[in-house]
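# Structural characterization, general
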Amino acid sequence: LYICRHCLKYVRKRKSINAHHAKCTAKHPPGDKIYEDHRVSVFEVDGRRQPVYAQSLCLLSKLFLDHKTLYYDTEPFLFYVVCEHSPNPDDHLHIVGYFSKERDSPE
């Protein structure tokens, strides 16, 4: 399984991911940048407005968290994606973690 580190598109073959990388224009997660310093940035991704990205993020998590049950119904959630700045100025941001919360949650 090959996953684009920028847009989270997943494919089965190395040839396919190489072709995807040649045309992928994503430099950071979709959504609003809500925090930035010299090392990290945090993006708020709306599961309603970016369902494919949110679903891909959840499926990636499922590889590491066996009890993860959220895959496709991402609409009621906001995702906060933490990205590390690459030391190479020609490179982009790299996802290092995320958390999610229900949109209408009081917390």
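Scroll up to find the structure this text is about.
Note that the structure is predicted; figures quoted are calculated from it, not measured.

## Focus: the overall build of the chain
Counting its secondary structure elements, the chain contains 2 helices and 6 strands. The linear arrangement of helices and strands in the chain, starting from the amino end, is β-β-α-β-β-α-β-β. Taking 107 residues into account, the globule formula puts the C-alpha radius of gyration at 13 Å, and the chain, at 14 Å, falls close to it. By its C-alpha atoms, the chain is 40 × 35 × 25 Å across when sized along the principal axes. Out of the 107 residues belonging to the chain, those deemed buried represent 31%. Counting contacts in the chain only where the partners sit at least 6 residues apart, residues at least 24 apart contribute 47% of the total. Approximately 7500 Å² of the chain is accessible, and the part contributed by carbon and sulfur atoms is 51%. A distance of 12 Å separates the average location of the 16 positive side-chain charges in the chain from that of its 14 negative side-chain charges.

## With respect to the environment of Gly47
By secondary structure assignment, the location of Gly47 is in the loop between strand 4 (40–46) and helix 2 (51–62). A sequence separation of 27 residues divides Gly47 from Thr74, and the C-alpha atoms of the two residues are 4.8 Å apart. Apart from the residues lying within four places of it in its own chain, the contact partners of Gly47 are Ala54, Thr74, Glu75, Phe77, Phe79 and Arg103.

## Regarding the pairing of strand 3 (residues 32–36)
Sheet analysis places strand 3 next to strand 4, joined by 4 bridges and oriented antiparallel. Along strand 4, the bridge assignment pairs Glu36 with Ser41.

## Quick word on the pattern of salt bridges
Counting across every chain of the model gives 3 salt bridges. Salt-bridge contacts for Glu36 lead to Lys33; the nearest nitrogen and oxygen are separated by 3.3 Å. The partly exposed category is assigned to Glu36, whose relative accessible area is 45%. On the basis of relative accessibility, which here comes to 43%, the residue Lys33 falls in the partly exposed class. For Asp46, the salt bridge identified is with Arg103, shortest N-O distance 2.5 Å.

## A closer look at the nonpolar core
Nonpolar side chains in soluble globular proteins generally cluster together in the buried interior. Residues Leu8, Phe43, Val45, Tyr53, Ala54, Leu57, Cys58, Phe77, Phe79, Val81, Cys83 and Leu93 constitute the largest nonpolar core, which totals 12 residues. Sorting the residues of this core by element identifies strand 4, helix 2 and strand 5 (77–84) as the ones contributing at least two each. Setting aside its immediate chain neighbours within four residues, Leu93 contacts His6, Lys27, His28, Ser41, Phe43, Cys83, Glu84 and His85.

## Digging into the sheet that holds strand 6 (residues 94–102)
With respect to topology, 4 strands assemble into an open sheet ordered 3-4-5-6, the strand pairing being antiparallel. Either end of the sheet is taken by a strand with one partner, and the two such strands are strand 3 and strand 6. Averaged over all adjacent pairs, the angle separating strand axes in this sheet is 25°, with direction ignored. Sitting on the sheet, helix 2 is in contact with strand 4, strand 5 and strand 6, with an inclination near 70° to strand 5.

## What to know about the packing of aromatic side chains
Under the criterion given, the structure shown has 3 aromatic pairs. Pairwise contacts between aromatic rings join Phe77, Phe79 and Tyr98 into one cluster.

Thresholds applied
Residues numbered from 1 in each chain as written. Predicted model: local features only at pLDDT ≥ 70, side-chain atom pairs only at ≥ 80, totals over all residues. Heavy atoms only, no water. Helix = DSSP H or I, 4+ residues; strand = E, 2+ residues; numbered from the N terminus. Rg over C-alpha atoms; globule rule 2.2 N^0.38 Å. Buried < 20%, exposed > 50% of the residue type's maximum accessible area, 1.4 Å probe, protein only. Contact = heavy atoms within 4.5 Å. Areas by Shrake-Rupley, 256 points an atom, 1.4 Å probe, with all protein chains shown as cover. Lys, Arg positive; Asp, Glu negative; His and termini not counted. Charge placed at Lys NZ, Arg CZ, Asp CG, Glu CD. Pairing = 2+ DSSP bridges. Salt bridge = Lys/Arg side-chain N within 4 Å of Asp/Glu carboxyl O. Core = buried A, V, L, I, M, F, W, Y, C linked by side-chain atoms within 4.5 Å. Axes fitted to C-alpha atoms, helices over the stretch in contact; angles between N-to-C directions. Phe/Tyr/Trp six-rings, centres within 6.5 Å; stacked < 30°, edge-to-face > 60°.

Spatial relationships are all this shows, so hold off on functional conclusions.
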